[in-house]
Amino acid sequence: MALGFPAYADDAEFARLTGPPGPPVELYGRRREWVLLDGLLEGAGGGRSAAVVVRGGAGVGKTALVEHALVEHALRAAAQEFAVVRAAGVRAERDVGYAALHQLCGPLLPRLDRLPGPERGALGIVLGLRAGPAPDRLAVGAAVPALLSAAAGDGLVCVIDDAQWLDRPSAQALAFAARRLRPGPVLMVIVTREQRLEFHGLPELVVGGLPDADARGLLDALVRRPLDALVRERFLAEARGNPLALLELSRGLTAELASGYQTPGTPPPGPHEAEPGLQRRVAYLPEPSRRLLLLAAADPTGDAALVWRAAARLGITPDAAVPVAEAGLLTFGAMVRFEHPAIRSAVYGAAPLAVRQEIHRALAEATDRRSAPDRRAWHRALATSGPDDEVAAELEHAAGRARADGNLVAAAVLLERAATLTPDPVRRVERALAAAQYTILTGAHARARRLLALAEAGSAGPSQRARARRLRARLAPASECGGDTPLVLLKAARQVEESDSGLARATYLDALTAAMAAGRLAGEGWSAAEVSRAARGAPRPADPSASDLLLDGLTGHVTHGYAAGAPLLRKALDAFGRGMPLEEELPRLWPACLAAMHLWDDRAWDALSLRYVTLARGAGALGELRPALGMRSLALLLSGGAGGSGGSGAAAGGREQATAEPEDGGFPSYGALGRLALRAEEDRALALIGAMGEYAVTAGQGTVITFTKWAEAVLCNGIGSYDRALAAAREGDAYPHEVGVSSWLLAESVEAAARSGAPGRAASALARLSEAARAGGTDWALGVEARSRALLSEGDTAERLFREAVDRLGRTRVRVELARAHLLYGEWLRREGRRTHAREQLRLSHEMLTAMGAEGFAERARRELLATGETVRKRTPDTATQLTAQEAQIAGLACDGLSNPEISVRLFISPRTVEWHLGKVFTKLGITSRKQLRTALQTAARPGRPHRRVLRAAAPSASGPGVRHGSPQFPPTVRPA
């Protein structure tokens, strides 16, 4: 959003505000922008933290504006110790993870020990101070504001220049920190040429080109010699109001050019470049100085010692730095610093390719092969003019190290460069396919398509062609490839069945996953049944992997029924995570989670969905993070996270959306619809059901239709519209080969049919449900089956089944199903005339459902309680004495001994937010300190108290650090694994 600023009448008033000697020429016409920045600095000096994005084209004066504001503020606040830390994006470092964060945090490292352990550990790993697995990016983001606060002192300004070239992990961490600056004298100024998704929504100061009158005034102030009128107009046209372009043009202006008799050189290619004047200044330098300048531009680290070592190899002496410094281009200290960010790119981009290669060769030779082998390999690659297998092999090894560190983005970039340098056609295709695989996981689909095109244009064998088809299928929804993705994969699997049985089975699994996702919308020749029959003919390995077991289980389910597939699926779920490579496990976790849902295995579903999110976040696999979050949100929903945490869930979703490329449109997740259904928000739920149904038909995703019908059945059962619930359940249960929620629909059918007077339909659904439950064998499955059978039973049999349902479901994580069991048991007891016993079950159900936010079922319980003669108020999770799920979760972590900063790291919220929530908890429980918290929570959990079961309903979320209730904004896209 753009920031407004007060209007000032003229430059005289601006001069009065700024004081002598006035702003430099770069700030001509920038009085309003300067006043705004100066006000933010004054606020930071007064203890008010803030962040602002200064956006404008190259050379419009963004950096000069910020620097002048800093100098002026320092002069006025001389008695105040005001620190400034800096970082700058470098074009050559865009694919080097956390490069900019390393620059920014370097001067603050002495304060690192003040951070809590988790935050200190996360930053220490990404800054290379300690070894360890790659930390969660959100944990790194949470650590940055903590470090800034610890180092603030009397004032701290963080200037991040050229943010358009920031590496993506640094940009995400800095954006996360900018939105969560803690109270204190901290100002973050982010200077960028273009909008970036990461910084969307931050206060923004847009610095554009100068108006024509101001541009003419600036040029007149800069040029001290007579200037031909046509030359003046050409300068103004080429500069397009860009102050730096005008400044550089004036500095390089010769008498001949001013008179109009000298070619002015190539004009700037656009309003975002101001390189022509810079190139003229560079051209006036001696040859050794130009080469030294290019060396500094080619090194992305800014390491002065490395530049001088490389310079010595090229015969460049230290004297060459004098003309560069006198020209105002570059200064040498501990680090190399360009006087303007545009200089680096201008110098590097203007150098001939052969010269750049020579420079990179010197840098490679000067880089230590033991301490920085990857950087050395990258310089060698840029120094290579043609295919070089040795360099390609080094890049491949570097990619392997990056992958081992969890940096999939770097691995993909290194492999891509390795592929272009590989002389052997077969190995080139192999490396391009590996690069494409990592690139797809990171969510950079456009880049992945280019890599696949490179691979497909090479001399690929049958196995490589099959792998390329598998990878392309991950990129293309069914609607983009004529709806025949499973058919394409099926043909690819058959082609390599004899030569590479392992690849064939993996491709069959992709085809089957895609066909089952298409479900009722599958076309002729590639239904789940047809793909399963073909897959069962593939040779089975002697030692099957988790993926092999998953394939066998799914084909068994499709071809021979639930009971045949369940044992193999259970073995597959047990095998997941045991030594599987990251790139293999991540895409398989989606169908594995579906299999856990299919088996009614709540423990496996909880563990796998949590692992899915953890792996995707930790590896930066943003292409997998969306479906992972969707799956996790659904698991948390059934565990009792339907309400009370909606706000935090939305915030979590918003953060995840800010870290992912919105290539698939950001369709709402399953968790969002499920939450609306349980909350009984009928209008919104039905609208979303309609929208998701249209999406399902367009994308060829029949499983989406099944899910919407399950949600509609839950919604209607909750509000007591049983005829509609039965119709929705029957429509959703029309396709027999799906896995996931299809078997859940049977339970909704039994309840709806029993309540609407359709015993025949209820009995039919119960028979199928019983088959699935007994094959699954879990407490969840058998508990729901007992609850459903009780609805069709009478007398002692019904009561025994209700008790069995409550007992079994009480041992699971699916608290929503347990609460519904209490509700149905209470309804049955009331109809039996046992009001006292009915009240116990109904009261408990009402409390649990209210705490979960399941408003439809909670209202059913309330009406039943009223019918027993009990007075009960209509409550929501916002009742004054009711802990929300977020409050209960924070209270539970506080009871475990975690400090406020540690809780904030765990939940990715600020310590101040933790303090605010704990204050509300103390007020609701009537306590004043943490020492009283455990006793107060135990008292609140006693029967008859309003907080009973709240902590149990919220507890499953504690099993996943950093994963909260609620639904993220990304779709759990159903696509080939």
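Residues numbered from 1 in each chain as written. Predicted model: local features only at pLDDT ≥ 70, side-chain atom pairs only at ≥ 80, totals over all residues. Heavy atoms only, no water.

**A closer look at the overall build of the protein chain**
Along its length, the protein chain carries 48 helices and 7 strands. A buried classification covers 59% of the 977 residues belonging to the protein chain. A separation threshold of at least 6 residues defines the contact pool for the protein chain, and within that pool the share at least 24 residues apart is 71%. (Helix = DSSP H or I, 4+ residues; strand = E, 2+ residues; numbered from the N terminus. Buried < 20%, exposed > 50% of the residue type's maximum accessible area, 1.4 Å probe, protein only. Contact = heavy atoms within 4.5 Å.)

**Thoughts on the packing of aromatic side chains**
Here the structure, examined in full by the defined rule, presents 11 aromatic pairs. With a centroid separation of 5.4 Å and 80 degrees between ring planes, the pair formed by W600 and W780 is classed as edge-to-face. Here W780 lies in helix 39 (residues 779-791) and W600 lies in the loop between helix 29 (582-598) and helix 30 (602-619), a separation of 180 residues in the sequence. Like W600, the residue W780 is buried in the burial classification. Between W605 and W780, the ring centres sit 6.0 Å apart and the planes meet at 10 degrees, which makes this aromatic pair stacked. On the criterion of sequence distance, the pair formed by W605 in helix 30 and W780 in helix 39 is long-range, its members being 175 residues apart. Taken individually, W605 and W780 each receive the classification buried, so the pair is uniform in this respect. One aromatic cluster in this structure is built from W600, W605, Y670, F707, W710, W744 and W780. The aromatic ring of F176 is capped on one face by R180, whose charged end is 3.9 Å from the ring centroid. Positioned over the ring face of Y348 is R356, at 5.1 Å from the centre of the ring. (Phe/Tyr/Trp six-rings, centres within 6.5 Å; stacked < 30°, edge-to-face > 60°. Lys NZ or Arg CZ within 6 Å of the ring centre and 35° of its normal.)

**Digging into the pairing of strand 1 (residues 50-55)**
Here is the key point about a regular strand: its side chains alternate between the two faces of the sheet. Here strand 1 lies mainly inside the structure; 5 of its 6 residues are buried. As defined by bridge partners, strand 1 adjoins strand 4 (residues 186-192) across 6 bridges and the pair is classed as parallel. Across the sheet, residue R55 finds its bridge partner in strand 4, namely T192. (Pairing = 2+ DSSP bridges.)

**A word on the sheet that holds strand 1**
With respect to topology, 5 strands assemble into an open sheet ordered 2-3-4-1-5, the strand pairing being parallel. Only two strands of the sheet have a single neighbouring strand rather than two, namely strand 2 (83-88) and strand 5 (204-206). Adjacent strand axes in the sheet meet at a mean angle of 15 degrees when their direction is disregarded. Against the sheet, helix 7 (residues 168-178) touches strand 1, strand 3 (156-161) and strand 4, its axis set at about 140 degrees to strand 4. (Axes fitted to C-alpha atoms, helices over the stretch in contact; angles between N-to-C directions.)

**Re the pattern of salt bridges**
Scanning the model with the defined rule gives 55 salt bridges in all. Between R376 and E394 there is a salt bridge, with the nearest N and O atoms lying 3.6 Å from each other. Taken together, the residues R376 in helix 18 (residues 373-382) and E394 in helix 19 (residues 389-404) connect sequence positions 18 residues apart. For the pair formed by R376 and E394, the shared burial category is buried. For the salt bridge of K709 with E712, the shortest nitrogen-to-oxygen distance reads 3.4 Å. Here K709 pairs with E712, and both are found in helix 35 (residues 702-719), just 3 residues apart, close to one helical turn. (Salt bridge = Lys/Arg side-chain N within 4 Å of Asp/Glu carboxyl O.)

**A look at unusual backbone geometry**
With the exception of glycine, most residues fall at negative phi, and the peptide bonds are largely trans. A positive phi angle is found at Y98, which is not glycine, with a value near 65 degrees. Relative to the helices and strands, Y98 resides in the loop between strand 2 and helix 4 (99-105). Phi at W600 is positive, roughly 55 degrees, even though this residue is not glycine.

**Let's talk about the packing of helix 35 against helix 43 (residues 855-867)**
Helices that pack against each other are described as a pair by the angle of their axes relative to one another and the distance between those axes. Remark: helix 35 packs on helix 43, axes separated minimally by 7 Å, with the N-to-C direction vectors making an angle of 20 degrees. The orientation of helix 35 relative to helix 43 falls into the category roughly parallel. Considering the relative orientation of helix 35 and helix 43, their crossing is left-handed. Contact residues: helix 35 offers V714, N717 and G718, while helix 43 offers G856, F857 and R860. A per-class count over the contact of helix 35 with helix 43 returns 2 nonpolar, 3 polar and 1 charged. (Parallel < 35°, antiparallel > 145°, perpendicular 65-115°, else oblique. Left-handed = near helix turned anticlockwise from the far one by under 90°. Nonpolar A, V, L, I, M, F, W, Y, C, P; charged D, E, K, R; others polar.)

**Side note on helix 36 (residues 722-732)**
Because each turn of an α-helix spans 3.6 residues, side chains separated by three or four positions end up pointing in the same direction. Every buried residue of helix 36 is accounted for by Y722, A725, L726, A728, A729 and G732. Down the axis, helix 36 shows its buried residues gathered within 165 degrees of arc, on one side only. Exposed residues on helix 36 whose side chains face more than 90 degrees from its buried face are D723 and R730. (Arc of directions from axis to C-beta.)

**Section: the environment of L285**
Within the secondary structure layout, L285 lies in the loop between helix 12 (276-283) and helix 13 (287-298). When its relative accessible area of 6% is taken as the criterion, L285 is described as buried. Between the C-alpha atom of L285 and that of E326, which follows or precedes it by 41 residues, the distance is 9.9 Å. Beyond its immediate stretch of four places on either side in the chain, L285 contacts R290, L293, P323, V324, A327 and L329.

**Here's the deal with the nonpolar core**
With 161 residues, the main nonpolar core has W605, L638, W710 and W744 as its most contacted residues. The element contributing the most residues to this core is helix 29, with 10 residues. If we ignore the near neighbours within four places in the chain, the residues touching W605 are C593, A596, M597, M631, L634, A635, L638, W744 and W780. Among the nonpolar cores identified, the runner-up in size contains 43 residues, and V126, V140, A163 and L181 belong to it. (Core = buried A, V, L, I, M, F, W, Y, C linked by side-chain atoms within 4.5 Å.)

**Brief notes about the confidence of the model for the protein chain**
Scored by pLDDT, the protein chain has a mean of 77; 78% of the residues are at 70 or more. Confidence scores differ between elements of the protein chain, with helix 48 (residues 950-954) showing the lowest mean pLDDT of 29 and helix 39 the highest of 95. Low pLDDT, under 50, characterises residues 478-482; the stretch is placed with 9 contacts to residues that sit more than four places away or in other chains. Predicted confidence for residues 875-881 stays below pLDDT 50, and this span has 22 contacts to residues more than four positions away or in other chains. (pLDDT = per-residue confidence, 0-100.)

**Let's talk about the side chain of R505**
Along the chain, R505 turns up in helix 25 (residues 501-518). Residue R505 is classed as buried on the basis of its relative accessible area of 3%.

**Here's the deal with the state of the cysteines**
One way to say it: the disulfide is the covalent bond shared by the sulfur atoms of two cysteines. For the structure shown, the criterion picks out 0 disulfides. Between C158, a cysteine without a disulfide, and C105, which holds the nearest cysteine sulfur, the sulfur-to-sulfur distance is 8.5 Å. According to the relative accessible area criterion, C158 is buried, its value standing at 0%. (Disulfide = S-S within 2.5 Å.)

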